[in-house]
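Examination of the molecular architecture
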Amino acid sequence: MLHVERLAGPPGRPGRLALLHGFTQSAAAWAPVAARLAADGREVVAPDLPGHGRSALVETDLWGAADAVADAVGPATYVGYSMGGRVLLHLAVARPEVVQGLVLVSTSAGIDDHAERAARRTADDALAGRVEREGVEAFVRWWLTLPLFATLHADAAAVDARLGGSAAGLASSLRLAGAGTQEPLWHRLAEVRAPALVVAGALDAVYAGRAARLVASLGGAAQLVVLDGCGHACHLERPDAFVAALRGWLAADHTATPTARSTPNASTS
């Protein structure tokens, strides 16, 4: 059973938002976004995903994570960042009855190439060994020095909020739910009928490209927003811009656009 935090709003309010964090994080990582959403009156909840935070003892793959999230959270509009976005794609395919909408932030639907995926699986296993040897704090501090997070300010990275889990939990997440073990879902995205918002940072060229591909591949209404001046963790680097884009999308009438559409030059300032 996953631990779930209520971050904002009274319980049971319509329009519930569920926020799925990235690797090494926990529900606490969403605090800057939840604080900005608090005035909206929506209920905002966030689970600690398998292997993380107070769900560190939960060991499962991405399909199992999707089931665990569906059982713990229930119907909601889901927002997933990076690893959380990959969980969300599995949730949208496997348990569509609980996904009222999906917001994918810096997300990929998987690695197509078999050799590249195998290499990533080997790399993920090496990372798992590293966190087991070094412990959570040393691993997290090293992890945040990777080029992927070059534009993420130290305050926004919230290192202390990433230290509540366990080395064994992070290692199991890498081995069971890392990108190297993920079955590519690109061919299944047309099954998704919930409205979707896809968000990426303009300075993260790789994931901005994947975001455009997600929009083109998703069934139903899909919209792309690229946030200027930020990278992979765009929702933490520019939380005001991210929340503004999210609010605008939540307020829109998605029934008016029944097929996917891409706006690759869209930005929020």
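Residues numbered from 1 in each chain as written. Predicted model: local features only at pLDDT ≥ 70, side-chain atom pairs only at ≥ 80, totals over all residues. Heavy atoms only, no water.

1. Considering the packing of aromatic side chains
Note the following rule: Pairing of aromatic rings covers Phe, Tyr and the six-membered ring of Trp, with a centre-to-centre limit of 6.5 Å; geometry is then stacked below 30 degrees between planes, edge-to-face above 60, and tilted otherwise. A run of H or I in DSSP counts as a helix once it spans at least four residues, and a run of E counts as a strand once it spans at least two, with each numbered from the N terminus. Only protein chains enter the accessibility calculation, which uses a 1.4 Å probe. A residue is then buried if its area is under 20% of the maximum for its type, exposed if over 50%, and partly exposed in between.
Counted according to the given criterion, the structure contains six aromatic pairs. With 5.6 Å between their ring centres and 50° between their planes, Phe 139 and Trp 142 make a pair best called tilted. Of this pair, Phe 139 and Trp 142 both sit in helix H5 (residues 136–143), separated by three residues, roughly a single helical turn. We classify Phe 139 as buried; its relative accessible area is 0%. On the basis of an interplanar angle of 20° and a centroid distance of 6.0 Å, the ring pair of Phe 139 and Trp 143 is categorised as stacked. Of the two residues, Phe 139 and Trp 143 both sit in helix H5, four residues apart, roughly one turn of that helix.

2. Topic: helix H10 (residues 239–251)
Defined as follows: Expected span of a helix, by definition, is 1.5 Å for each gap between consecutive residues, and there is one gap fewer than residues.
An ideal rise of 1.5 Å per residue puts 18 Å on 13 residues; H10 measures up with 18 Å between its terminal C-alpha atoms. What H10 keeps buried is the set Pro 239, Ala 241, Phe 242, Val 243, Ala 245, Leu 246, Trp 249 and Leu 250.

3. Describing the state of the cysteines
The condition is simple: When two cysteine sulfur atoms are found within 2.5 Å, that pair is recorded as a disulfide.
Enumeration over the complete set of coordinates arrives at zero disulfides. The thiol sulfur of Cys 230 is not disulfide-bonded, and the nearest other cysteine sulfur, from Cys 234, lies at 5.0 Å.

4. Digging into the pairing of strand S4 (residues 76–81)
To keep things clear, this is the line we draw: When DSSP finds two or more bridges between a pair of strands, those strands are recorded as paired.
Counted residue by residue, S4 has six buried out of six residues, so it is predominantly covered. Looking at chain direction, strand S2 (residues 17–20) and S4 are connected through four bridges and run parallel. If you follow Ala 18 over to S4, its bridge partner there is Tyr 78. Bridge analysis of S4 against strand S5 (residues 99–105) gives six bridges, and the strand direction is parallel. Across the sheet, the residue bridging to Gly 80 is Leu 104, located in S5.

5. Let's talk about the side chain of Arg 86
Our working rule: In this count, Lys and Arg are taken as positive residues and Asp and Glu as negative ones, while His and the chain termini are left out. What makes a salt bridge here is a side-chain nitrogen of Lys or Arg within 4 Å of a carboxyl oxygen of Asp or Glu, nothing more. Any N or O atom pair separated by 3.5 Å or less is treated as a polar contact, with the protein-specific requirement of one donor-capable and one acceptor-capable atom, and with residues adjacent in sequence counted only for side-chain atom pairs.
Structurally, Arg 86 can be placed in helix H3 (residues 83–94). It turns out Arg 86 is buried and unbridged, and the closest side chain with the opposite charge, Asp 124, is 6.6 Å from it. A distance of 2.9 Å separates polar atoms of two side chains, one belonging to Arg 86 and the other to Gln 182.

6. As for the confidence of the model for the chain
The line we're drawing: For every residue, the predictor reports its confidence as pLDDT, a number between 0 and 100. Contact between two residues is taken to exist if any of their heavy atoms lie within 4.5 Å; hydrogens are not considered.
Mean pLDDT for the chain: 92, with 94% of residues reaching 70 or above. Across residues 256–269 the pLDDT falls below 50, and counting only partners more than four positions away or on other chains, this stretch makes 32 contacts in the model.

7. Thoughts on the pattern of salt bridges
In total, this model carries 14 salt bridges according to the counting rule given. For Arg 213, the salt bridge identified is with Asp 112, shortest N-O distance 2.7 Å. You can see Arg 213 sitting in helix H8 (residues 205–217) and its partner Asp 112 sitting in the loop between S5 and helix H4 (114–134), a full 101 residues away along the chain. Overall, Arg 213 belongs to the partly exposed group, its relative accessible area being 35%. The class of Asp 112 is partly exposed, set by a relative accessible area of 44%. Put simply, Arg 141 and Glu 137 hold a salt bridge, and the shortest N to O gap is 3.1 Å. With Arg 141 and Glu 137 both in helix H5 and four residues apart, the pair spans about one turn of that helix. Look at Arg 141 and you get partly exposed, because its relative accessible area is 42%. The network of salt bridges with shared partners includes Asp 67, Asp 71, Arg 95 and Glu 97.

8. What about the packing of helix H2 (residues 62–73) against H3?
Packed helices, taken two at a time, are described by the angle between their axes plus the distance between the axes. What counts here: For helices, the fitted line uses only the C-alpha atoms of the stretch in contact; every axis is such a line through C-alpha atoms, and the angle between N-to-C directions lies from 0 to 180 degrees. Each angle is binned into one of four classes, with values under 35 degrees roughly parallel, values over 145 roughly antiparallel, values of 65 to 115 roughly perpendicular, and all other values oblique. The classification used treats Ala, Val, Leu, Ile, Met, Phe, Trp, Tyr, Cys and Pro as nonpolar, Asp, Glu, Lys and Arg as charged, and all other residues, Gly among them, as polar.
Two numbers describe how H2 lies on H3: the axes approach to 8 Å, and their chain directions differ by 75°. Overall, the two elements H2 and H3 adopt an arrangement that is roughly perpendicular. Contact residues: H2 offers Leu 62, Trp 63, Ala 65, Ala 66, Val 69 and Ala 70, while H3 offers Arg 86, Val 87, His 90, Leu 91, Val 93 and Ala 94. Grouping the constituent residues of the contact of H2 with H3 by class yields ten nonpolar, one polar and one charged.

9. Some words on unusual backbone geometry
At Ser 82, a position not held by glycine, the phi torsion is positive, near 55°. With respect to the element layout, Ser 82 can be found in the loop between S4 and H3. Of the residues examined, Ser 82 reaches a relative accessible area of 16% and is grouped as buried. Unusually for a residue other than glycine, Ser 106 sits at a positive phi of about 50°. Residue placement: Ser 106 occurs in the loop between S5 and H4. Classification of Ser 106 by relative accessible area gives buried; the value is 1%.

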